[in-house]
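# Structural characterization, general
In case you want the letters, here they are:
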Amino acid sequence: VVRMDGERGGGMWTILDRGPGEPAWPGVPGGTVDGHLATIPACAALGLHETSHHTGGIALAVDPHLPAVRAPDGGVDPGAALLLADQATANGIFATLDRFVPMMTLGLRVDWAVPAPAVPLVCAIDDVMREGELALVRGTLSAGGAIVGAATARYLMGAMPGGFRDQPRTERAEPLSSAASF
């Protein structure tokens with residue numbers, strides 16, 4: 001269930017809690033946040049998952065014990081934290097939609113108060129503002145219960161020229177490589 005506090009189809013959107021037995025958010029690809037994250041290799045490598053750490057909306061976390069998450073100084077790698085912020089903010093938008101809509105990140109900013117320590121890092125979504133095809137999302141990064149940073153992201157939603165297609169393209173400039181299998 002989503003509530004809109006704006007006018008003319010835009011404005012502040014609030015992600016409401018899902019109660020026991022309620023269906024998943026219909027705008028999240030695959031129906032569940034964890035199911036969607038499992039289809040993205042980088043998210044799986046970071047152990048990215050939905051957490052109940054934050055009530056009232058979407059919150060994602062990374063596992064600081066995984067090698068892809070650790071920085072040389074022992075804390076959480078800034079790249080892992082950036083991917084966490086990107087996926088959390090995108091899923092914050094998905095949770096306000098009544099159906100899946102393709103989107104792309106136009107801008108992502110993480111402002112750190114302190115470096116992320118080697119404890120689970122959580123990005124909880126605070127606000128989702130949608131106006132036409134644009135969305136702005138704000139979130140809070142916390143580690144061990146303490147706020148360590150803030151995330152702000154801007155997205156373009158909907159079909160994009162030359163981008164998302166109903167049918168996959170069959171012609172390719174070069175043959176597919178078998179070097180990587182995800």
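Computed from a predicted structure; not experimentally measured. (Residues numbered from 1 in each chain as written. Predicted model: local features only at pLDDT ≥ 70, side-chain atom pairs only at ≥ 80, totals over all residues. Heavy atoms only, no water.)

For the protein chain, the helix and strand inventory stands at 3 helices and 8 strands. In sequence order, the protein chain lays out its α and β elements as β-β-α-α-β-β-α-β-β-β-β. Split into buried and exposed, the 182 residues of the protein chain put 39% on the buried side. Counting contacts in the protein chain only where the partners sit at least 6 residues apart, residues at least 24 apart contribute 58% of the total. (Helix = DSSP H or I, 4+ residues; strand = E, 2+ residues; numbered from the N terminus. Buried < 20%, exposed > 50% of the residue type's maximum accessible area, 1.4 Å probe, protein only. Contact = heavy atoms within 4.5 Å.)

The next subject is the nonpolar core. Ranked by internal contacts, the top residues of the largest apolar core, which has 39 residues, are V62, V76, L84, I93, L121, L141 and Y155. When contributions to this core are tallied by element, the ones reaching two or more residues are α1 (33-37), β4 (59-62), α3 (78-94), β5 (103-112), β6 (121-131), β7 (134-143) and β8 (146-157). For this core, the leading source of residues is α3, giving 9 residues. With residues up to four places along the chain from it excluded, the contact list for L84 reads L48, L60, A61, V62, L121, V122, C123 and L141. (Core = buried A, V, L, I, M, F, W, Y, C linked by side-chain atoms within 4.5 Å.)

Let us look at the environment of I125. Note that I125 resides in strand β6. Considered as a pair, I125 and A90 are 35 residues apart in the sequence and their alpha carbons are 9.7 Å apart.

What follows deals with a nonpolar patch on the surface. Residues M104, L106 and L134 make up a contiguous nonpolar surface patch of about 240 Å² in total accessible area. By the element assignment, L106 lies in strand β5. (Patch = residues over 30% accessible without salt bridge, like charges linked within 9 Å, V, L, I, M, F, W, Y side chains within 5 Å. Areas by Shrake-Rupley, 256 points an atom, 1.4 Å probe, with all protein chains shown as cover. Salt bridge = Lys/Arg side-chain N within 4 Å of Asp/Glu carboxyl O.)

Turning next to the confidence of the model for the protein chain. Parts of the prediction with low pLDDT should not have their coordinates interpreted in detail. Summarising the model, the protein chain shows a mean pLDDT of 77, and 70% of its residues fall at 70 or more. Summarising per-element confidence for the protein chain, the mean pLDDT is lowest in strand β1 (residues 2-4) (40) and highest in β8 (95). Low pLDDT (under 50) marks residues 1-10, which in the prediction has 21 contacts with non-local residues, meaning those over four places away or in another chain. This model gives residues 166-177 a pLDDT under 50, and the stretch forms 0 contacts once residues within four places in sequence are excluded. (pLDDT = per-residue confidence, 0-100.)

A separate point is the pattern of salt bridges. For the coordinates displayed, the defined rule picks out 2 salt bridges. For R109, the salt bridge is made with D111, and the minimal N-O distance between the two is 2.8 Å. For R109, a relative accessible area of 52% translates into the label exposed.

Assignment of secondary structure puts D77 in the loop between β4 and α3. Linking D77 and P67, residues 10 residues apart in sequence, is a C-alpha distance of 9.8 Å. Among all residues touching D77, those that are not within four sequence positions of it are V69, R70 and A71.

Moving residue by residue along a regular strand, the side chains alternate between the two faces of the sheet. Side-chain alternation along β4 places A59 and A61 on one buried face and L60 and V62 on a second face that is also buried. Two strands pair when backbone bridges link them, and strand β3 (residues 49-50) and β4 are joined in this way by 2 bridges, in the antiparallel orientation. Counterpart to H49 in the pairing with β4 is A61. Here β4 pairs with β6 via 4 bridges, running antiparallel. What sits directly across from V62, in β6, is L121. (Pairing = 2+ DSSP bridges.)

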